[in-house]
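Listed here are the chains, written in short residue letters.
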Amino acid sequence: MSSAVATAVKNQAADTSQTGAPPALTDGFQLVIDALKLNGIENLYSVPGIPISDLLRLAQAEGLRVISFRHEQNAGNAAAIAGFLTKKPGICLTVSAPGFLNGLTALANATTNCFPMILISGSSEREIVDLQQGDYEEMDQLAIAKPLCKAAFRVLHAEDIGIAVARAIRAAVSGRPGGVYLDLPAKLFSQVVEIEAGRKSLVKVIDPAPAQIPAPSAVIRALDLLKGAKRPLIVFGKGAAYAQADDEIRALVEKSGLPFLQMSMAKGLLPDTHPQSAGAARSTVLKDADVVMLVGARLNWLLSHGKGKTWGEPGSKKFIQIDIEPREMDSNVEIVAPVVGDIGSCVSALLAGLGDKWQAPPADWINTINTKKEANISKMAPKLMSNASPMNFHGALGALRRVTAERQDAILVNEGANTLDLARGIIDMYQPRKRLDVGTWGVMGIGMGYAVAAAVETGKPVLAIEGDSAFGFSGMEVETICRYKLPVCVVIFNNSGIYRGTDVNPTGGDDPSPMVFAANSRYDKMMEAFGGVGVHVTNPDELYRAVSEAMDSGKPTLVNAVIDPAAGTESGNIGSLNPTSSVRKAAP
Ligand code: ADP
Ligand code: MG
């Protein structure tokens with residue numbers, strides 16, 4: 001439907017109060033928009049095309065903000081992180097088959113990370129698809145999406161759009177959040193319904209993510225365990241950041257006096273500089289703690305599955321776990337005190353249960369942690385001062401660390417290998433939900449999608465610290481950043497390769513090693529090509545100045561930061577996951 005048709009439909013609606021007039025009509029396009037708006041959706045992330053172009057035109061005409069990307073995976077990543085930032089499902093719209101498949105990576109990633117998002121894809125005609133008669137972009141999208149998300153629905157009748165959108169929203173945000181797929185065959189959009197019936201078919205979801213109150217006995221069990229602990233520790237994961245129970249979490253930490261660690265995307269829930277943060281003594285506390293309370297963090301590979309060397313002597317730990325998903329308990333090791341509920345409710349209940357006689361954890365444990373922290377921090381400090389040119393990772397991150405300390409409300413997006421691992425440790429976060437990164441899968445390619453949505457959803461300045469390889473997956477979206485004039489500063493850590501830029505072709509042939517990129521690339525020129533600001537820097541002082549200026553101006557900026565091609569280690573700090581040939585040496 002063209003916008004002109006939309007207007008005609010509406011005008012007809014205005015006319016029909018008189019008796020005898022034909023009933024006023026609406027259609028599928030309009031009902032999708034109305035259903036989303038009714039449920040407080042404000043932004044759509046998309047790549048237009050058949051059959052959703054008119055849907056996007058109409059959405060914009062109806063006051064929704066439509067952000068149009070260059071590739072669906074980036075639009076999908078944007079929607080996913082919008083969900084994480086807002087606790088409302090982020091919406092991604094794609095065309096059929098190839099567009100749908102491109103968006104699916106983001107949908108699966110959202111589900112894996114427990115981010116609420118809805119992928120809405122146009123699809124071909126059911127009758128033809130099911131008989132495999134070769135429709136335009138024929139594909140059984142619903143069947144393909146199902147195993148990769150929390151729920152998948154198809155709508156065949158315009159009267160069902162309202163209920164389908166309601167189901168999709170509830171499925172995305174209730175319980176453990178995740179991705180939902182909504183399949184809308186092209187024919188649905190132009191289906192016509194009487195306006196009044198259409199209006200009545202819409203559903204405003206009431207209390208989409210109801211509180212889930214933990215059982216009092218579970219709370220008492222957890223508190224008893226904490227009380228008896230000699231070396232207690234709290235580990236916050238991104239579920240705790242997502243829950244937006246920031247004040248309750250701070251109160252629990254400060255009243256209990258417990259030391260805490262924050263997983264990557266939980267950093268800043270409490271400032272990394274908080275006196276109770278054990279971040280700089282991470283390996284010590286994981287190894288030596290006797291009682292560990294996980295809050296919105298899974299014992300997956302990122303926490304070495306709760307066992308092995310990282311966790312010290314076998315059997316030396318007792319785990320408490322707070323999570324909304326009951327099946328997360330005992331997923332890797334025994335959970336002695338499971339507390340199932342939403343984090344806000346669970347943390348409030350624990351806080352109330354601390355009572356007035358709560359004793360701070362043993363002083364020798366706190367002293368051990370503080371001694372280790374101080375030693376590690378002073379070991380790191382001189383590296384961060386390095387003013388070497390070409391830069392190493394530490395020198396460059398030392399400069400960016402100063403920028404973010406001066407702009408604590410800025411959002412940091414971070415991906416790469418060494419660029420990710422080192423930035424995670426070096427750059428302190430001060431406020432909740434300010435660090436967005438590769439998440440549970442350690443996936444590359446989230447960078448520009450996350451950066452766009454972070455700017456759109458929060459209006460805050462965004463700093464994206466990107467490995468040169470990682471950036472390549474979504475780099476074309478710098479045009480999107482320029483087109484929407486978003487306050488995003490992208491810094492490319494350009495060491496001319498994957499992990500390093502020094503690998504060579506062992507045959508001496510003309511082709512470069514598969515691990516390197518074109519030498520001396522000028523990524524800054526990409527930004528200039530689209531009207532943004534490009535800066536080329538070769539030392540930490542220049543980097544500091546360029547990024548500070550970009551953050552102050554709010555202008556789309558790309559800083560090409562030249563890093564020594566010899567800096568960086570194979571696979572960053574997850575080299576142990578990368579099988580290498582024992583016969584041939586894979587990396588020099
Ligand atoms: P991280 O990678 O930071 O350790 P994970 O993604 O592994 O974090 O864990 C997040 C956990 O948080 C998931 O198990 C998820 O079920 C849980 N979660 C998400 N939202 C909530 C919530 N509102 N209340 C309780 N648990 C939640
Ligand atoms: Mg690199």
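Keep in mind that what you see is a predicted model, and the values were worked out from it rather than measured.

## A few points about the overall build of the chain
Looking only at helices and strands, the chain has 23 helices and 19 strands in total. Against the 2.2 N^0.38 benchmark of 25 Å for 588 residues, the chain shows a C-alpha radius of gyration of 26 Å, consistent with a compact globule. Taking the principal axes of the C-alpha coordinates as reference, the chain spans close to 85 × 70 × 50 Å. A total of 588 residues make up the chain; the buried ones form 55% of that total. Counting only carbon and sulfur atoms, one obtains 54% of the accessible surface of the chain, whose full area is about 24,400 Å². Within the chain, the 60 negative side-chain charges are centred at a point lying 6 Å from the centre of the 56 positive side-chain charges.

## Quick notes on the UniProt feature "domain: Thiamine pyrophosphate enzyme N-terminal TPP-binding" (unreviewed entry) in the chain
Within this structure's numbering, the places UniProt gives as "domain: Thiamine pyrophosphate enzyme N-terminal TPP-binding" (unreviewed entry) are residues 28-144. For residues 28-144, the end-to-end C-alpha separation is 24 Å, with 52% helix and 17% strand making up the annotated structure.

## Examining the site of ligand 1
With respect to spatial proximity, 20 residues lie near ligand 1, and among them Arg176, Lys238, Arg298, Asp323 and Ile343 are the closest. Between Gly296 and ligand 1, the recorded distance is 3.2 Å, taken from a backbone N or O atom to an oxygen atom. At 3.0 Å, a backbone N or O of Ile343 approaches a nitrogen atom of ligand 1. Here the shell around ligand 1 takes three residues from helix α12 (residues 238-242), the largest share from any one element. Here the shell around ligand 1 is composed, by residue class, of nine nonpolar, six polar and five charged. For the shell around ligand 1, the domains that each give at least three residues are domain 1 (3-201) and domain 2 (216-369).

## Observations concerning the UniProt feature "domain: Thiamine pyrophosphate enzyme central" (unreviewed entry) in the chain
Those residues carrying the UniProt feature "domain: Thiamine pyrophosphate enzyme central" (unreviewed entry) are residues 221-350 in this numbering. Helix makes up 29% of residues 221-350 and strand makes up 18%, while its end C-alpha atoms are separated by 10 Å.

## Considerations on the packing of helix α17 (residues 393-406) against helix α23 (residues 540-553)
It is at 9 Å that the axes of α17 and α23 come closest, and there the two elements cross at 30°. Comparing their axes, α23 and α17 come out roughly parallel. Regarding α17 and α23, the two cross each other, and that crossing is right-handed. Contact residues: α17 offers Gly395, Ala396, Ala399, Leu400, Arg402, Val403 and Glu406, while α23 offers Pro540, Asp541, Leu543, Tyr544, Val547, Ser548 and Met551. Of the residues belonging to the contact of α17 with α23, the class tally is nine nonpolar, two polar and three charged.

## Thoughts on the coordination of the magnesium ion (ligand 2)
In the first shell of the magnesium ion (ligand 2), the protein supplies Asp468 (OD), Asn495 (OD1) and Gly497 (O), at 2.0 to 2.1 Å from the metal. Coordination of the magnesium ion (ligand 2) draws on donor residues from a single chain, spaced D-x26-N-x1-G in sequence. One end of the pair, Asp468, is in helix α20 (residues 468-472); the other, Asn495, is in the loop between β17 (488-494) and α22 (524-529), with 27 residues separating them in the sequence. Across the pair, Asn495 and Asp468 agree in class, each one buried.

## With respect to the nonpolar core
Formed by 97 residues in total, the largest nonpolar core has its most connected members in Leu44, Tyr45, Leu182 and Leu436. Considering each element in turn, this core owes the most residues, nine residues, to helix α8 (residues 161-173). Core analysis: the second largest hydrophobic core is formed by 31 residues, Val219, Ala222, Leu252 and Ala337 among them.

## With respect to unusual backbone geometry
The step from Ile50 to Pro51 runs through a cis peptide bond, and the omega angle for that step is 5°. Along the polypeptide, Pro51 turns up in the loop between β2 (43-46) and α3 (53-61). Geometrically, the link from Ser389 to Pro390 is a cis peptide bond, its omega value of 0° lying close to zero. For Pro390, the location among the structural elements is in the loop between α16 (363-384) and α17. Despite not being glycine, Lys87 has its phi angle at roughly 65°, a positive value. Take Lys87: it is sitting in the loop between α4 (72-86) and β4 (90-94). Its relative accessible area of 35% is what places Lys87 among the partly exposed residues.

## Details of helix α2 (residues 28-38)
Among the 11 residues in α2, eight count as buried, and that is most of the element. Considered for burial, the residues of α2 that qualify are Gly28, Phe29, Gln30, Leu31, Val32, Ile33, Ala35 and Leu36. At the C-terminal side of α2, Gly40 shows a positive phi close to 80°.

Calculation notes
- Residues numbered from 1 in each chain as written.
- Chains lettered and ligands numbered in written order.
- Predicted model: local features only at pLDDT ≥ 70, side-chain atom pairs only at ≥ 80, totals over all residues.
- Heavy atoms only, no water.
- Helix = DSSP H or I, 4+ residues; strand = E, 2+ residues; numbered from the N terminus.
- Rg over C-alpha atoms; globule rule 2.2 N^0.38 Å.
- Buried < 20%, exposed > 50% of the residue type's maximum accessible area, 1.4 Å probe, protein only.
- Areas by Shrake-Rupley, 256 points an atom, 1.4 Å probe, with all protein chains shown as cover.
- Lys, Arg positive; Asp, Glu negative; His and termini not counted.
- Charge placed at Lys NZ, Arg CZ, Asp CG, Glu CD.
- UniProt positions renumbered as here; feature names shortened; annotations may be inferred.
- Near = heavy atom within 4 Å.
- Polar contact = N/O pair within 3.5 Å; in protein donor to acceptor, adjacent residues only side chain to side chain.
- Nonpolar A, V, L, I, M, F, W, Y, C, P; charged D, E, K, R; others polar.
- Domains from an automatic or database assignment.
- Axes fitted to C-alpha atoms, helices over the stretch in contact; angles between N-to-C directions.
- Parallel < 35°, antiparallel > 145°, perpendicular 65-115°, else oblique.
- Left-handed = near helix turned anticlockwise from the far one by under 90°.
- Contact = heavy atoms within 4.5 Å.
- Donors = N, O, S within 2.8 Å, 3.2 Å for Na, K, Ca; no water.
- Core = buried A, V, L, I, M, F, W, Y, C linked by side-chain atoms within 4.5 Å.

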